[in-house]
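# Remarks on the overall topology
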Amino acid sequence: MRSKLHNRRAAKRGTNQDKDILKQSNGKGRSIQPTDLRVLLQLLSPLVIAMRVCLYSVNLTFILSPLLSNLIDNLSSFAIQFFFQYFAPFTMGNKSISFDPAKDIPSLKGKVILITGGNLGLGKQSALDLSKHTPSELWIAARGEESGKAAVEEIRKVSPGVSVKFLRLDLASFKSIKEAARTFLSSVSRLDTLYLNAGMMGGPHVTTEDGYEKQFGTNHMGHALLFKLLKPFLLQTALIPGADVRVIILSSAGHRFGKGKLLFDSFKSTAKELSPVDKYCQSKLANLLYARALAKHVPEITSVSIYPGDIKTGLFTSNGGSWFITVIRNVLLPLTAVSVEDGVKNQLWAGTAKGVKSGEYYEPVGVTGKQSVYAYDDDVAEKLWEWTEKELDCV
Ligand SMILES: NC(=O)c1ccc[n+]([C@@H]2O[C@H](COP(=O)([O-])OP(=O)(O)OC[C@H]3O[C@@H](n4cnc5c(N)ncnc54)[C@H](OP(=O)(O)O)[C@@H]3O)[C@@H](O)[C@H]2O)c1
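Analysis parameters
Residues numbered from 1 in each chain as written. Predicted model: local features only at pLDDT ≥ 70, side-chain atom pairs only at ≥ 80, totals over all residues. Helix = DSSP H or I, 4+ residues; strand = E, 2+ residues; numbered from the N terminus. Buried ≥ 20, exposed ≤ 12 C-beta atoms within 10 Å, placed from the backbone. Contact = placed C-beta atoms within 7 Å. Pairing = 2+ DSSP bridges. Axes fitted to C-alpha atoms, helices over the stretch in contact; angles between N-to-C directions. Right-handed = clockwise from strand over helix to strand, strands pointing away. Near = placed C-beta within 6 Å. Nonpolar A, V, L, I, M, F, W, Y, C, P; charged D, E, K, R; others polar. Core = buried A, V, L, I, M, F, W, Y, C linked by C-beta atoms within 7 Å. pLDDT = per-residue confidence, 0-100. Parallel < 35°, antiparallel > 145°, perpendicular 65-115°, else oblique. Left-handed = near helix turned anticlockwise from the far one by under 90°.

### So, the overall build of the chain
Along the chain, the regular secondary structure elements total 15 helices and 7 strands. Here the chain holds 395 residues, and 42% of them are scored as buried. Residue pairs in contact within the chain that sit at least 24 positions apart in sequence constitute 76% of those at least 6 positions apart.

### A few points about the sheet that holds strand β6 (residues 302–306)
With parallel pairing, 7 strands are arranged side by side in an open sheet as β3-β2-β1-β4-β5-β6-β7. Single-partner strands in this sheet number two, and they are β3 (163–168) and β7 (361–362). Bridge count for strand β1 (residues 112–116) against strand β4 (residues 193–196) is 3 bridges, and the pairing is parallel. Directly across from I115, in β4, lies its bridge partner Y195. Each of β2 (137–142) and β3 touches helix α8 (residues 145–158); the most contacted strand, β3, lies at about 170° to it.

### Re the pairing of β3
Note that β2 and β3 share 6 bridges and pair parallel. Within β3, the residue paired with I140 across the bridge is F166. The handedness of the β2 to β3 crossover, carried by α8, is right-handed.

### What to know about the site of the ligand
The full set close to the ligand counts 28 residues, and G117, G121, A198, G199 and T313 are the nearest of them. At 3 residues, the largest contribution of residues to the shell around the ligand is made by helix α7 (residues 121–131). Of the residues that constitute the shell around the ligand, the class distribution is 13 nonpolar, 12 polar and 3 charged.

### A few points about the nonpolar core
In this structure, L114, W139, I140, A141, L289 and Y290 are the most contacted members of the largest nonpolar core, which totals 87 residues. It is helix α11 (residues 276–297) that provides the largest number of residues to this core, a total of 12 residues. With residues near it in sequence (within four places) discarded, A141 still touches L114, I115, T116, G118, L167, L169 and A180.

### Focus on the pairing of β2
Successive side chains on a regular strand alternate, one facing one side of the sheet and the next facing the other. With 5 of 6 residues buried, β2 is to be regarded as a mostly interior element. Judged from the 5 bridges that link them, β1 and β2 form a sheet pairing that is parallel. Within the sheet, the bridge partner assigned to I115 lies in β2 and is I140.

### Concerning helix α14 (residues 345–352)
Here α14 lies mainly inside the structure; 8 of its 8 residues are buried. Within the span of α14, buried status applies to K345, N346, Q347, L348, W349, A350, G351 and T352.

### Here's the deal with the confidence of the model for the chain
Per-residue pLDDT for the chain averages 85, and the proportion of residues at 70 or more is 75%. Within the chain, the lowest mean pLDDT, 43, falls on helix α2 (residues 16–25), and the highest, 99, falls on β4. With pLDDT under 50 throughout, residues 1–15 is counted as low confidence; its partners more than four residues away or in other chains account for 19 contacts. Contacts from residues 17–30, a stretch scored under 50 in pLDDT, to residues over four places away or in other chains number 19 contacts.

### So, the environment of K272
Counting through the fold element by element, K272 comes out in the loop between β5 (246–250) and α11. Residues K272 and P204 lie 68 residues apart in sequence; the distance between their C-alpha atoms is 9.0 Å.

### A word on the packing of α7 against α8
Between α7 and α8, the least distance of the axes is 9 Å, while the angle of their chain directions is 25°. As the angle between them shows, α7 and α8 are arranged roughly parallel. Viewed along their axes, α7 and α8 form a crossing whose handedness is right-handed. Judged by residue contacts, K124, A127, L128 and S131 of α7 engage A151, I155 and V158 from α8.

### What to know about the packing of helix α9 (residues 174–185) against helix α10 (residues 214–238)
At their nearest, the axes of α9 and α10 sit 10 Å apart, and the two run at 25° to each other. On the basis of the axis angle, α9 is roughly parallel to α10. Crossing geometry of α9 relative to α10 is assigned as right-handed. Between α9 and α10, the contacting residues are F174, I177, K178, A181 and L185 on the first element and G222, L225, L226, L229, L230 and F233 on the second. Within the contact of α9 with α10, the residues separate by chemical class into 9 nonpolar, 1 polar and 1 charged.

### Some points on unusual backbone geometry
For residues other than glycine, phi is negative in most cases, and the peptide bonds are mostly trans. For the peptide bond that leads from P364 to V365, omega is -25°, which places it in the cis range. Here V365 lies in the loop between β7 and α15 (378–393). Positioned with a positive phi, T134 is a non-glycine residue whose angle comes to about 50°. By secondary structure assignment, the location of T134 is in the loop between α7 and β2. We classify T134 as partly exposed; it has 15 C-beta atoms within 10 Å.

### Some remarks on the environment of S159
Its place among the elements puts S159 in the loop between α8 and β3. Classification of S159 by C-beta neighbours within 10 Å gives partly exposed; the count is 19. Spatially, the C-alpha atom of S159 lies 5.9 Å from that of S131, the residues being 28 residues apart in sequence. Beyond its immediate chain neighbours, meaning those up to four positions away, S159 contacts S131 and K132.

Next comes the structure, spelled out in structure tokens:
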């Protein structure tokens, strides 16, 4: 029964990964694979949809229903998230790589590293850990001059021999991104590692100053423009003998939740019909798919997306408009989240370890195969790439 459902679904979707699944499951006497459990979990999503359909019918009858609908949406996402996080790892056999930043990051001598959102949280911790391996230059890109310069001072104290610089950058403003790129390009001679780390979650239904839904505009569009402006430089660096140029994009396990797909019509609007959590999840799905597209379109560079885990950072504080983020912050995180020193490991691994595969999405640490079925879809990745390129053409 499960196998029939499985086949029907794979045939219908027709993505490469699904076709592989289909081919495999046509084999006789096949034993249960870890992948089956993941796909089975994804098959549970019709249950969630059924719940939503019931609820929307009820919505027609009862005036209170939008609140209720939101509650069920969020609780169902939460239940699946919880399962993936805390039960699935035991059943799926994916083994985390042991990674100690102090010992396992190789010498970064000669390298130039730029980290967006380097003033706080995971970005700052990345900078602190990387600085101990003596890169040639470490750039902290941040909106706030005060917190950016404070981070620079903190890193200089830890690693006095490293050149650490502040770069003003607001990812919600194309004007600011262009200025930042100009300043950066006129000051350095190479760029080896670009951490597209900054991110925001929640907040009111507004757009960036260039008209994109705020979370999508900041988390995806801002980074896409920064990458585009720095790309010639990254490619130039890739030509240097021995160079190993990498772009690490911070996605999230949240890419699986919310609506679970990209709603292209919502990108250039306030998207009031979506909850703040839905919008965050969509922006993180865009981050993941964009890394896949980059790997295809810019093969000279290793591009990956990662999920750091649930980490105690400031991400959950700007929760305007979402009671759900408040619940995560006050109930879930105190129970499950790890420290920023621990949570930073996956991105440090992705930026420095051997064997990191371009286009992959990694959960902590170095674990593959956890993305949603939708996130494997090369056609959607291509559609996002083309959509983004077209938008950035006239910038
Ligand atoms: N913490 C988690 O559990 C978790 C889980 C999954 C994914 N992530 C991802 O990890 C990344 C880092 O987040 P974090 O946990 O370290 O959170 P954080 O402590 O809140 O840091 C977020 C960083 O992004 C910056 N930022 C936000 N909006 C910006 C803008 N418009 N322009 C430039 N910078 C901006 C913030 O700078 P300001 O000081 O100017 O606000 C801050 O430096 C994010 O992409 C997030 O989505 C985190």
